[in-house]
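The primary structure of each chain is shown beneath.
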Amino acid sequence: VFSSWTNTSTLGDPMQQVKQNAPNDMTQKIQGNLVWRALVNQNAGAWFRFGGNDLLQAAMSISGTVIVDAPQTAADGKGENNAISAPPPILRIKDLMYGNDAGNSYQTVSLYVCSDGTGADQCLKPIVRNVNLVGLKQRVMEMLLGSANNGNGLIYKFATNSGQITAAEQAFMQTVPDAIGGMIHNLAREDAGIAKLWAEEAAPVIALELAQLIVNDVLNAVQVAAQINDHAYAKLLMDSLSVARQQIQDEYVTIAGRYGNPQTLMAFYQQLMNTVKP
C-alpha cells in the first residue's frame, strides 16, 4: 500500500517513514505471519476441544500462510520493500489417512513449527518438522476390529452384545455419518464374519470422510479468523486459502476414486445384507 504512493514527499521513502515513525504499526499491521497472527488473535485454539499451539501449527500446515518480512532495500536501491513469502500447505488428507503406514509409502508427516516464538507477532520463521502419526485408516480398522492393545472392536461388541463401549468408540460412532454407523451396527448383529469383510472395505472410505471433515473444519477456522483480521495483504491471504481449499477438494476426489465413497459403501452393504439374510 505505502509503496504504491508517489515518492515525492520531502520526508523520503514512505515505507521508511512508517518504519521510523510508527514501528508498532509496521510490526502489527504490515509485517507478520498472517495465518498465525489471525489464529492467535482470534483465539482459534479455543474453538476446538483439544486446541492449543500444536493444533494451530497443524492448521497452518493445512492452509499454508503468507509471511511479510521486515523492510529490505529494494533491488533498484531506491527505498525499501517488504519481502513476501508464501509457505505452501504441507499437511494433506493423505497424510492424515495413512500417517506412518509404510505400505502406502508415507513414512512421516510434516508440520510447520514456530521456531521463533508463538506470540501473535512471532512465528516469522516456521520450520518443517517430521512427526510420527498413526493414520486414520489404521485407527478406523482398530476401532471396528479391535487390536492387541485395545481389545475387541465395535463389531465384536455389537455382535455379541458384550463389552463396554469406550468413550473413543462412542465419539467415533457420533462422528461418522449416521448411515455408516447404522451399517456397522446392523451387519455386526446379522453376521460378525460378514461385518468384518465389510469393515476391511469400509475402513479407508470412513478414514477419508473423517480426514476431509478434519481438514475442512480446520481450514474453515483459518478462513474465519483471517477474514476478521485487518491487514494490508488480506486479499493475498484469501487467494492463498482459496488455492489450498481447491487442492484439498481435488485430493479428496482422487482418493475417493481409489476407495469409493459412502454411496458405494452403502451399495456393498446392501449386497451383503441381501446375501446374509437368506
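Since this is a predicted model, take the numbers as computed values, not measurements.

Caption draft 1: Representation of the overall build of the chain. Helix and strand counts for the chain stand at twelve helices and seven strands. Every one of the 278 residues in the chain was classed for burial, and the buried ones make up 41%. Contacts in the chain between residues far apart in sequence, at least 24 positions, make up 64% of those at least 6 positions apart. Accessible surface computed for the chain: about 14500 Å², of which carbon and sulfur atoms make up 50%.

Caption draft 2: Layout of the packing of helix H3 (residues 34–41) against helix H4 (residues 53–63). At a closest axis distance of 10 Å, the pairing of H3 and H4 adopts a crossing angle of 140 degrees. Here H4 runs oblique to H3, going by the angle between their axes. Considering only the axes of H3 and H4, their crossing is right-handed. Between H3, through Val35, Trp36, Leu39 and Val40, and H4, the contact on the second element is made entirely by Asn53, Leu56, Gln57, Ala59, Met60 and Ser63. Across the contact of H3 with H4, the residue classes break down as seven nonpolar, three polar and no charged.

Cut-offs and rules
- Residues numbered from 1 in each chain as written.
- Predicted model: local features only at pLDDT ≥ 70, side-chain atom pairs only at ≥ 80, totals over all residues.
- Heavy atoms only, no water.
- Helix = DSSP H or I, 4+ residues; strand = E, 2+ residues; numbered from the N terminus.
- Buried < 20%, exposed > 50% of the residue type's maximum accessible area, 1.4 Å probe, protein only.
- Contact = heavy atoms within 4.5 Å.
- Areas by Shrake-Rupley, 256 points an atom, 1.4 Å probe, with all protein chains shown as cover.
- Axes fitted to C-alpha atoms, helices over the stretch in contact; angles between N-to-C directions.
- Parallel < 35°, antiparallel > 145°, perpendicular 65-115°, else oblique.
- Left-handed = near helix turned anticlockwise from the far one by under 90°.
- Nonpolar A, V, L, I, M, F, W, Y, C, P; charged D, E, K, R; others polar.

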